[in-house]
Amino acid sequence: MGLLDRLSGLLGLKKKEVHVLCLGLDNSGKTTIINKLKPSNAQSQDIVPTIGFSIEKFKSSREGQAIIFVIDSSDRLRMVVAKEELDTLLNHPDIKHRRIPILFFANKMDLRDAVTSVKVSQLLCLENIKDKPWHICASDAIKGEGLQEGVDWLQDQIQAVKT
Ligand SMILES: Nc1nc2c(ncn2[C@@H]2O[C@H](COP(=O)(O)OP(=O)(O)OP(=O)(O)O)[C@@H](O)[C@H]2O)c(=O)[nH]1
Ligand SMILES: [Mg+2]
């Protein structure tokens, strides 16, 4: 079972479609992360740059939405661009006044040039996000490290909304 499937299993709820938006600059690791969240028999071995955007369907247990925002922690040069994209997202009318949980993956932690997740959090000024629950996890999407912690957090947020 993939992590997202387990989410619904743990909640013991009827399977419904869940809409999780996975965003971030190109080459940050979005497709690799989504791929790792699928059941192992559904994972693809060959990931190529996504042209346009892709929509993946998972079965899960909740209505509503969450956002996963992926950052290449080794790409210091484009961190400011990532921040601009994040700010644009946070100011988007569909997002701005909603308490939508945002999970950040400070990805590519295995690379020598990677900065810590605390540093990523500072560079993106995450402490300024006051009206939405957010969480940042260091991850290595190729090995799948850190993804579980992130999904666990999202699960808690979903549960908090449901109760
Ligand atoms: N070292 C390392 N490489 C990674 C990690 N995650 C992804 N990559 C590599 O980074 C490259 C880009 O990954 P993708 O998953 O295609 O990134 P993306 O965000 O989907 O990129 P676009 O589709 O272009 O927007 C690939 O070569 C991945 O193998 C990681 O945690 N560590
Ligand atoms: Mg992609």
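Residues numbered from 1 in each chain as written. Chains lettered and ligands numbered in written order. Predicted model: local features only at pLDDT ≥ 70, side-chain atom pairs only at ≥ 80, totals over all residues.

The chain has the name ADP-ribosylation factor-like protein 6 isoform X2 in an unreviewed UniProt entry, where Callorhinus ursinus is given as its organism. UniProt's Subcellular location (unreviewed entry) comment on the chain is quoted here verbatim: "Cytoplasm". (UniProt positions renumbered as here; feature names shortened; annotations may be inferred.)

Right, let's talk about the UniProt feature "binding site: GTP" (unreviewed entry) in the chain for a bit. Mapped onto this numbering, the UniProt entry gives "binding site: GTP" (unreviewed entry) at Gly24, Leu25, Asp26, Asn27, Ser28, Gly29, Lys30, Thr31, Asn107, Lys108, Met109 and Asp110. For Gly29, the position within the fold is in the loop between strand S2 (19-24) and helix H2 (30-37). The exposure class of Gly29 is buried, given the 24 C-beta atoms found within 10 Å. Tracing the backbone shows Met109 in the loop between strand S5 (102-107) and helix H5 (117-123). Sequence-distant contacts of Met109, that is, excluding residues within four places in its chain, are made with Ser73, Ala114, Ala138, Ser139 and Asp140. (Helix = DSSP H or I, 4+ residues; strand = E, 2+ residues; numbered from the N terminus. Buried ≥ 20, exposed ≤ 12 C-beta atoms within 10 Å, placed from the backbone. Contact = placed C-beta atoms within 7 Å.)

Right, let's get into the environment of Cys125. Along the chain, Cys125 falls in the loop between H5 and strand S6 (134-138). With 38 residues separating them along the chain, Cys125 and Asp87 place their C-alpha atoms 9.7 Å apart.

A sheet is described by the order of its strands in space; here four strands give the open sequence S2-S4-S5-S6, paired in parallel fashion. Either end of the sheet is taken by a strand with one partner, and the two such strands are S2 and S6. In this sheet, adjacent strand axes meet at a mean angle of 20° when their direction is disregarded. The sheet contact formed by S2 and strand S4 (residues 65-72) spans six bridges and is parallel. Considered in S4, the bridge of His19 is made with Gln65. In the packing of H2 onto the sheet, contacts are made with S2, S4 and S5, and the angle to S2 comes to roughly 145°. (Pairing = 2+ DSSP bridges. Axes fitted to C-alpha atoms, helices over the stretch in contact; angles between N-to-C directions.)

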